[in-house]
Amino acid sequence: MKITIVYDNNAKEGLQCGWGFACLIETGKNNILFDTGWDGHLLLENMEKLSIDPQIIDTLVLSHQHWDHIGGVTTFLNINPDVDVYVPSGFSPRLKKEITSRIKKKLYGVSSPREIRDKIYTIGELEKSDTGIKEQSLVLECESGNFVLTGCAHPGLLLILEAAAPFGKINGIIGGLHDSQEYGSFKDMQLIGAGHCTSHKDVIRKMYPEKFQKIYAGYSIEL
Ligand SMILES: [Zn+2]
Ligand SMILES: [Zn+2]
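Below you will find a few notes about this structure. (Residues numbered from 1 in each chain as written. Chains lettered and ligands numbered in written order. Predicted model: local features only at pLDDT ≥ 70, side-chain atom pairs only at ≥ 80, totals over all residues. Heavy atoms only, no water.)

**Some thoughts on the coordination of the zinc ion (ligand 2)**
Here the zinc ion (ligand 2) is held by Asp 68 (OD), His 69 (NE2), Cys 152 (SG) and His 196 (NE2), and the distances to it run 2.1 to 2.3 Å. Coordination at the zinc ion (ligand 2) is irregular, judged from the 4 donor atoms that bind it and the angles of 88 to 158° they form at the metal. In primary sequence terms, the donor set of the zinc ion (ligand 2) follows D-H-x82-C-x43-H. (Donors = N, O, S within 2.8 Å, 3.2 Å for Na, K, Ca; no water. Tetrahedral: all angles 85-135°; square planar, octahedral: opposite > 155°, others 65-115°.)

**A closer look at helix H5 (residues 157-164)**
Of all the residues in H5, the buried ones are Leu 157, Ile 160, Leu 161, Ala 163 and Ala 164. The buried residues of H5 occupy one face: seen down the axis, they fall within an arc of 160°. Exposed and facing more than 90 degrees away from the buried side of H5 are Leu 158 and Glu 162. (Buried < 20%, exposed > 50% of the residue type's maximum accessible area, 1.4 Å probe, protein only. Helix = DSSP H or I, 4+ residues; strand = E, 2+ residues; numbered from the N terminus. Arc of directions from axis to C-beta.)

**Concerning the sheet that holds strand E6 (residues 107-110)**
Spatially, 7 strands are ordered E6-E5-E4-E3-E2-E1-E16 in an open sheet, and the strand pairing comes out mixed. Each end of this open sheet is capped by a strand with a single partner; those strands are E6 and strand E16 (220-222). When the angles between neighbouring strand axes are averaged without regard to direction, this sheet yields 20°. For strand E3 (residues 31-34) and strand E4 (residues 59-61), the ladder comprises 3 bridges, and the chain directions are parallel. Looking at E4, one finds that Leu 33 is bridged to Leu 60. Sheet strands in contact with helix H1 (residues 40-49) are strand E1 (2-7), strand E2 (22-26) and E3, and its direction is about 135° off that of E1. (Pairing = 2+ DSSP bridges. Axes fitted to C-alpha atoms, helices over the stretch in contact; angles between N-to-C directions. Contact = heavy atoms within 4.5 Å.)

**Details of the pattern of salt bridges**
Counting across every chain of the model gives 5 salt bridges. As a salt-bridge pair, Asp 188 and Lys 187 come within 4.0 Å of each other at their nearest N and O atoms. A salt bridge links Arg 205 to Asp 202, with the shortest nitrogen-to-oxygen separation between them at 2.9 Å. Linking Arg 205 with Asp 202, this pair stays in helix H6 (residues 201-207), spanning 3 residues, or about one helical turn. What makes Asp 202 partly exposed here is its relative accessible area of 47%. One salt-bridge network, held together by shared partners, links Asp 58, Asp 84 and Arg 117. (Salt bridge = Lys/Arg side-chain N within 4 Å of Asp/Glu carboxyl O.)

**Some remarks on the coordination of the zinc ion (ligand 1)**
For the zinc ion (ligand 1), the full set of protein donor atoms is His 64 (NE2), His 66 (ND1), Cys 152 (SG) and His 154 (NE2), at a range of 2.1 to 2.6 Å. Geometry at the zinc ion (ligand 1) is irregular, judged from its 4 donor atoms and the angles of 90 to 173° they form at the metal. Each donor residue of the zinc ion (ligand 1) lies on the same chain, and together they follow the pattern H-x1-H-x85-C-x1-H. A spacing of 3.4 Å is found between the zinc ion (ligand 1) and the zinc ion (ligand 2), which share Cys 152 as a donor. In this structure His 64 comes out as buried when scored by relative accessible area, which is 0%. A relative accessible area of 25% places His 66 in the partly exposed class.

Pasting the structure below:
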């Protein structure tokens with residue numbers, strides 16, 4: 001399974017950076033776009049520079065309803081409306097209606113854990129009680145083990161990893177880790193791919209120098 005970051009606060013030379021997150025998952029069977037960043041044009045330009053044709057994408061997953069993850073949705077759907085879309089069921093009903101009116105396939109509101117594509121699972125909608133932010137993360141069942149993909153990880157690492165645990169041992173995590181300080185959770189992982197909103201990158205890098213990987217638009221890994 002190949003993971004390519006296409007939108008992040010940081011970018012490799014030649015690509016554009018912007019506050020937000022988006023990542024492409026290529027399983028061999030499906031091509032899944034996880035989040036869209038804020039600026040759809042930046043998203044599409046980065047994809048073009050990475051030789052990713054937006055038309056190959058058959059599934060769009062939105063982690064949570066924050067501007068820096070869903071801002072690029074309309075621009076992307078104008079180019080490719082032929083996708084199934086998975087959003088946390090707590091998304092605004094109006095937004096769900098708007099998205100539904102622009103796609104040729106179906107919109108799914110996610111509440112509990114389920115398989116969404118072969119070897120791709122959502123851990124379900126989680127909510128951080130003090131913020132009310134509802135977010136879903138994915139478990140990717142790769143040849144080298146299970147990896148968790150997060151947007152911002154607002155519900156907190158402990159809750160996310162607990163919900164991901166029933167799918168099997170977690171070998172690593174990729175995405176935005178927000179202000180998580182549950183550093184012990186990374187102990188048994190092989191890869192900590194921290195990007196986007198991760199506040200404590202330096203602390204994580206110092207604790208786990210051989211597992212830490214700073215991610216950025218243009219970063220790609222086969223798992
Ligand atoms: Zn967020
Ligand atoms: Zn974010």
